[in-house]
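As a plain string of letters, each chain reads:
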Amino acid sequence: MIVVNTEYIPGKRIVAIKGLVQGNTVRAKHIGKDIGASLKNIVGGELKGYTELLVESRREALSRMLAQAEELGCNAVVNVRFATSSITSGAAELYCYGTAVVVEEAPAPGGTV
Amino acid sequence: MEGLFVLGMSVSLVVVGLIAGRAVEAKHLRDLAIREQALRHVATCNLRRLPANLAVQEAFLVTGTVAVANDYFKTFASGLRNLFGGEMRSYRSLMERARREAMCRMLAQADAAGARIVWNVRYETACLHGQERNKPGGVEVIVYGTALKTA
């Protein structure tokens, strides 16, 4: 599966558009991490627990989107976008969406569609 | 008596925030400068279309994420700034650090995979809730783009 956030894939030609696919997740960390984060709020610095949370959320949302694309029989997702929102304290929503397409090798090198 | 204690607590938190926050920020900025220098060979652009003559072997998504905490002094300084108006320098540097950190992580991912160009770069920012209402506890930044391996 090729995943890009551009409208086309260099060297490939889009032969079919199967529509929008999306994945989202709302995740939280356990209270210990939240307490750690509020202590971090006094001195500043990276919130490692929340960075970890973001990384997990991104993976989860992406994999849900890719599962949808696979179900549609696609081999690529183009124009992927991420969006985030803070739903409640200590939790974050991560949403990603893109267009599922079928691509094949383009005859000309570096050719675009 | 209780009021005095609360006041003393707040003042000491601001002082701790000022000293520790400054130190954390200075260290982070030094660290960022070194890493950015090391990743300078990876070019970035936010163009949607590439020059047609570029021969591309492989294209894939790269991402960088970070969550950075606000320190107590920044919260205090922004409250003061809200009274007088003007640029909130304390928050500006926080946003800048978060964006640069996320960018560094994305570039490192592209670099490790052997890509030299990251194309169509997009930033996404969200505010993390803090302890107090309307006061952000920090920011999270996601940066993503399409890494290209050229022939």
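This one's a predicted model, so the numbers in the text were calculated from it and none came from an experiment. (Residues numbered from 1 in each chain as written. Chains lettered and ligands numbered in written order. Predicted model: local features only at pLDDT ≥ 70, side-chain atom pairs only at ≥ 80, totals over all residues. Heavy atoms only, no water.)

Trainee: What am I meant to see in the overall build of chain A here?
Mentor: Within chain A one finds 2 helices and 5 strands. The linear arrangement of helices and strands in chain A, starting from the amino end, is β-β-α-β-α-β-β. Scored against the burial criterion, the 113 residues of chain A give a buried share of 45%. When contacts within chain A are restricted to residue pairs at least 6 apart in sequence, long-range pairs at least 24 apart make up 78% of them. Accessible area of chain A: about 5,200 Å², with a carbon and sulfur share of 54%. (Helix = DSSP H or I, 4+ residues; strand = E, 2+ residues; numbered from the N terminus. Buried < 20%, exposed > 50% of the residue type's maximum accessible area, 1.4 Å probe, protein only. Contact = heavy atoms within 4.5 Å. Areas by Shrake-Rupley, 256 points an atom, 1.4 Å probe, with all protein chains shown as cover.)

Trainee: Sorry if this is basic, but what is going on with the nonpolar core here?
Mentor: Grouped burial of nonpolar side chains is what soluble globular proteins tend to show. Membership of the largest hydrophobic core comes to 21 residues, with the highest contact counts inside it found for Val62(B), Met106(B), Leu107(B), Ala110(B) and Val118(B). Elements with a contribution of two residues or more to this core: strand E2 (56–69), helix H3 (89–112), strand E3 (117–129) and strand E4 (136–150) of chain B. Excluding residues within four positions of it along the chain, Val118(B) makes contact with Val42(B), Ala43(B), Thr44(B), Cys45(B), Val62(B), Met106(B), Leu107(B), Ala110(B), Gly145(B), Thr146(B) and Ala147(B). Counting 17 residues, the second largest nonpolar core, distinct from the first, contains Cys74(A), Cys96(A), Ala100(A) and Leu61(B). (Core = buried A, V, L, I, M, F, W, Y, C linked by side-chain atoms within 4.5 Å.)

Trainee: Mind showing me how you'd approach the pattern of salt bridges here?
Mentor: Between side chains of opposite charge, a pair can form as their charged atoms come close. All names here are of chain B. Taken as a whole and assessed by the stated rule, the structure comprises 17 salt bridges over all chains. Arg35 is the salt-bridge partner of Glu101, the closest N and O atoms lying 2.9 Å from each other. Of this pair, Glu101 sits in helix H3 while Arg35 sits in helix H1 (residues 2–38), and the two are 66 residues apart along the sequence. In this structure Glu101 comes out as buried when scored by relative accessible area, which is 4%. Among the ionic pairs, Arg92 bridges to Glu96, the shortest N-O distance being 3.6 Å. (Salt bridge = Lys/Arg side-chain N within 4 Å of Asp/Glu carboxyl O.)

Trainee: Just checking my understanding: could you explain the interface of chain A and chain B for this structure?
Mentor: One widely used convention gives an interface's size as the accessible area the parts lose upon coming together. Listed by partner, the interface residues are 36 residues for chain A and 45 residues for chain B. Buried area between chain A and chain B, summed over both chains or domains, comes out near 3,400 Å², and the portion from carbon and sulfur atoms is 56%. At the boundary of chain A and chain B, one finds 2 salt bridges. Close ionic contact of Arg48(B) with Glu7(A) constitutes a salt bridge, the shortest N to O distance being 2.8 Å. Within the residue set of the side of chain A that touches chain B, elements represented by two or more residues are strand E1 (2–3), helix H1 (31–43), strand E3 (45–46), helix H2 (48–71), strand E4 (76–88) and strand E5 (91–105) of chain A. (Buried area = accessible area lost by both parts, 1.4 Å probe.)

Keep in mind that these numbers describe shape and distance, not what the molecule does.
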